[in-house]
Structures are given as structure tokens and as C-alpha cells.
Amino acid sequence: MIVALAGGVGGAKLADGLYRTLPAGQLRVVVNTADDLDLFGLRICPDVDTVMYTLAGLANPETGWGIAGDTFEALAMLSRYERDVWFKVGDRDFATHIARTDRLRAGLSLTAVTSELCRALGIQAEILPMADEPIATRLLTGAGSLEFQDYFVRRHHEDLVIGVEFHGIAAARPTSAVQNAVSRAEAIIFCPSNPIVSIGPILAVPGLRDLLIQRAVPKVGVSPIVGGRALRGPADRMLGSLGHEISAYGVAKLYQGILDGFVIDEADARLAGRIESLGMHVLVTPTIMTTTGDRADLAMRVLDFCTQLRQESSSRL
Ligand code: GDP
Ligand code: CA
């Protein structure tokens, strides 16, 4: 069984490749919940939903988020009622949030609700929210402290980020489902997600980083920064404004002491030596996933890399 850590769009692509490569039931994805929000009285979990829709084959290929072919009638009606509609929720997507909120109000944990939704969508992998407690990312910017979706969606992640806070994280604990997954994983894979606001909150759940460090299995990350740039979103600018190097090396450095392998793009081959000096093995390979075939190809190479690291560590014993 393999555990992957993921945020939304970038993470979901590799998670999908792993899902299509591994035997059914052999993948558990621990997903960021610090982007979650309440809107129109509904609980929305954007990263969990992106991974869920992607694995279910429902994701909108153009946006990466939302459901392919969804309509926006409910949102248009809400707009007539003069509700703010900058956060786009499609009609089918609304049903997910209604079902989730209904079950949360009935007293189920987010982990249990997510499991129900995944089962209903026929997903043969476990999608595990990083925590059941509500956690909310806030970004300190030149324009003041912003809620995550305000920064990301409404203001198009244009503000300079000078600080990041995960509200509620001190009271959170790794769920028993996450603990169980990590303790049984044969390899742990950090998907190419934003290291600050997607993987960052997962690692900030008290106790989770130590659980990962304690596992003597291959732990491998894939860089979301390719050729010094994020393929989409603000990861590159965020790294820079928070004082990190804007490169695959800058990402690897954030994972130093946790990961023993890092996968970088061919465009970044010259960084391999510096990343190895952080105590990581490096795989240089194409990492841009344009087609679904690319996802499975990269997943296979990442899994082979894990096998290679496992063999090297057992031959050292
Ligand atoms: P979000 O929650 O929707 O912002 O998604 P994530 O945090 O999971 O992923 C965002 C990151 O994914 C960005 O930094 C992108 O550079 C990265 N990304 C997106 N597509 C790819 C890809 O095909 N290959 C790699 N290596 N990174 C990608
Ligand atoms: Ca996200």
C-alpha cells in the first residue's frame, strides 16, 4: 500500500497516475484541508474534492477543479439574490457540498463523510483528509491578512505573501485513518503540490511530520517547480517572497530530513548535485503531466524509484 500526500490540481494528477498504476485498493491519499471554507452554509473542501473528482474520472480537464460539463444555474440564481459568487461552484459540485454538510451535521467526521462520498463515486482508493478538525490557512500580505480563498480565487493570488498561518492546527491531530495509513505504507510520496500551502499544512498537523520521519520506507517527493517556475498557481512567487530559493532545490530543502528521494524535471538536471547534498537521492525525469498517459508514466517512474531506494537501503543492512 502506498501513501501519497496531495493538495489540489497538481497533487491530484500524480495521485491519479498512482491510482491507475497500482492494484485496486493499494493507494491512500492524505489531502490538505487547510483550504476548506464555509460558503452559503455549506462546507467546501476544494483539495479533497479535486482529488475525489479526478480519481472518479469526473474532473474538468480544462480547469483541473470542478466537474466536467457542470452547469452554473444555482450560482446564477444566488447572484440574482445578490450573494457574492466569485467562488465558482457548479450545480453538480453543489450536490457534493450539500451531501457533505448534511452528513457532517449528522455528526460524522470529515474522514467518514469523505469515505462515503468516495464509495458512492466508485473510487477504489482511500482519500483521507489530513485532519478532522477545521483548519484555515491565512496569508499575511501587503493588503493585510487574507483568508485563503479570498487570496487565491477572489484576488487571483496576486498579493505578495509575507507570512502563512494555519488557524486551528494546534488543536488538530492526525486521524486514526491517517496514522494507520502512514504506519502501514510501503512507500510515501509527496505529490507535486504547493509546498507552502498544500503539503505545508499536512506536515504542520502536530505529530504527523514525526510519524513520517519515523517510517523507514522510501519517502519520495516530486517537484512542483519546473525550470524555476510553477506550472500554475503562486508556488514560485510564494517561495520567493517567503525567502526560499525559487527552484526544485528550494522545494527539496523544505522537505530535508523527511524525504530520502526527490524527483526533478530534466529541465532542472543541473540542480541534482545540490539536492543530493541535502541527503536525498535524485531522479531526473520528465515530470510535466499533460495527458492522462503522462500521469501513469510518471507514477510508474516514481514507484520504480521507490523500489530502487528500498533495494539500496536493504543492501546496506
Ligand atoms: P492546488 O491546491 O490546486 O493549488 O494544487 P496543488 O498544490 O496540488 O498543486 C499546485 C502545484 O502543482 C503548482 O505549483 C504546479 O507547479 C504543480 N503542477 C501542476 N501540474 C504539474 C505537473 O504536471 N507536473 C509537475 N511537476 N508539477 C505540476
Ligand atoms: Ca489547494
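None of these values were measured; they are calculated from a predicted model.

Positionally, Thr175 belongs in the loop between β8 (161-167) and α7 (176-184). On the accessibility criterion, Thr175 (7% relative accessible area) is buried. Setting aside residues no more than four positions away along its own chain, Thr175 makes contact with Thr111, Pro129, Met130, Ala131 and Asp132.

As summarised here, the arrangement of the three strands in space is β7-β6-β8, forming an open sheet in which the pairing is antiparallel. Because the sheet does not close on itself, it has two edges, and the strands there are β7 (144-147) and β8. Averaged over all pairs of adjacent strands, the angle between strand axes in this sheet comes to 25°, irrespective of strand direction. Both strand β6 (residues 136-141) and β8 contribute to a ladder of six bridges, which runs antiparallel. Across the sheet, residue Thr141 finds its bridge partner in β8, namely Val161.

Judged by how many residues are buried, helix α2 (residues 46-55) sits mostly within the fold: 10 of 10 residues are covered. Turning to α2, its buried residues are Pro46, Asp47, Val48, Asp49, Thr50, Val51, Met52, Tyr53, Thr54 and Leu55. Taken from the residues just after α2, Gly57 is the one with a positive phi, measuring 75°.

With that out of the way, let us pick up the coordination of the calcium ion (ligand 2). The protein atoms donating to the calcium ion (ligand 2) are Asp35 (OD), Asp47 (OD) and Asp47 (OD), with metal-donor distances spanning 2.1 to 2.6 Å. With Asp35 in the loop between β2 (27-31) and β3 (37-39) and Asp47 in helix α2, the pair connects residues that are 12 residues apart, well separated along the chain. In this pair, the class of Asp35 matches that of Asp47, namely buried.

With respect to the helices and strands, Thr111 occurs in helix α5 (residues 110-120). For Thr111, a relative accessible area of 14% puts it in the buried group. In this view, Thr111 contacts Pro129, Asp132, Thr175 and Ala177; residues no more than four positions away in its chain are not counted.

What follows is about the site of ligand 1. As a structural note, the neighbourhood of ligand 1 is formed by 22 residues, with Ser193, Ser198, Pro224, Leu231 and Met289 the closest of them. Take Pro192: an N or O atom from its main chain is 2.9 Å from an oxygen atom of ligand 1. Within the backbone of Ser223, one N or O atom sits 2.9 Å away from a nitrogen atom of ligand 1. For ligand 1, whose free accessible area comes to 600 Å², the fraction covered by protein is 93%. Element by element, the count of residues in the shell around ligand 1 is highest for helix α1 (residues 9-21), at four residues. For the shell around ligand 1, the per-class residue count stands at 10 nonpolar, nine polar and three charged.

In total, this model carries 10 salt bridges according to the counting rule given. Put simply, Asp159 and Arg155 hold a salt bridge, and the shortest N to O gap is 2.8 Å. Arg155 sits in the partly exposed class, given a relative accessible area of 30%. Through salt bridges that share partners, Asp16, Arg20 and Arg295 make up one connected network.

Counted by the stated rule, this structure contains seven aromatic pairs. Here the aromatic rings of Phe40 and Phe94 are separated by 6.1 Å at their centres, their planes lie at 40°, and the arrangement is tilted. Of this pair, Phe40 sits in the loop between β3 and β4 (42-44) while Phe94 sits in helix α4 (residues 91-105), placing them 54 residues apart in sequence. An aromatic cluster of at least three residues, connected via ring pairs, comprises Phe148, Tyr151 and Phe152. Over the ring of Trp86 we find Arg154, and its NZ or CZ is 5.9 Å from the ring centre. The ring of Tyr249 has Arg274 lying over it, and the distance from NZ or CZ to the ring centre is 3.8 Å.

Another point: the sheet that holds strand β5 (residues 126-129). The parallel open sheet is built from seven strands, whose spatial order is β5-β2-β1-β9-β10-β13-β14. Looking at which strands have only one partner, the edges of the open sheet turn out to be β5 and β14 (281-284). Strand-to-strand twist across the sheet, computed as the mean angle between neighbouring axes with direction ignored, equals 20°. As paired strands, strand β1 (residues 2-6) and strand β9 (residues 187-190) are joined by four bridges and run parallel to one another.

So, on to α1. Given a rise of 1.5 Å per residue, 13 residues ought to cover 18 Å, and the 19 Å separating the end C-alpha atoms of α1 matches this to within 8%. Within α1, the full set of buried residues consists of Gly11, Ala12, Leu14, Ala15, Asp16, Gly17, Leu18 and Tyr19. In this structure, the buried residues of α1 make contact with β1, β2, α2, β9, β10 (219-222) and α13 (292-316).

Reading the values: the criteria
- Residues numbered from 1 in each chain as written.
- Chains lettered and ligands numbered in written order.
- Predicted model: local features only at pLDDT ≥ 70, side-chain atom pairs only at ≥ 80, totals over all residues.
- Heavy atoms only, no water.
- Helix = DSSP H or I, 4+ residues; strand = E, 2+ residues; numbered from the N terminus.
- Buried < 20%, exposed > 50% of the residue type's maximum accessible area, 1.4 Å probe, protein only.
- Contact = heavy atoms within 4.5 Å.
- Pairing = 2+ DSSP bridges.
- Axes fitted to C-alpha atoms, helices over the stretch in contact; angles between N-to-C directions.
- Donors = N, O, S within 2.8 Å, 3.2 Å for Na, K, Ca; no water.
- Near = heavy atom within 4 Å.
- Polar contact = N/O pair within 3.5 Å; in protein donor to acceptor, adjacent residues only side chain to side chain.
- Areas by Shrake-Rupley, 256 points an atom, 1.4 Å probe, with all protein chains shown as cover.
- Nonpolar A, V, L, I, M, F, W, Y, C, P; charged D, E, K, R; others polar.
- Salt bridge = Lys/Arg side-chain N within 4 Å of Asp/Glu carboxyl O.
- Phe/Tyr/Trp six-rings, centres within 6.5 Å; stacked < 30°, edge-to-face > 60°.
- Lys NZ or Arg CZ within 6 Å of the ring centre and 35° of its normal.
- Expected span 1.5 Å × (residues − 1).

That's the geometry; what it means functionally is another story.
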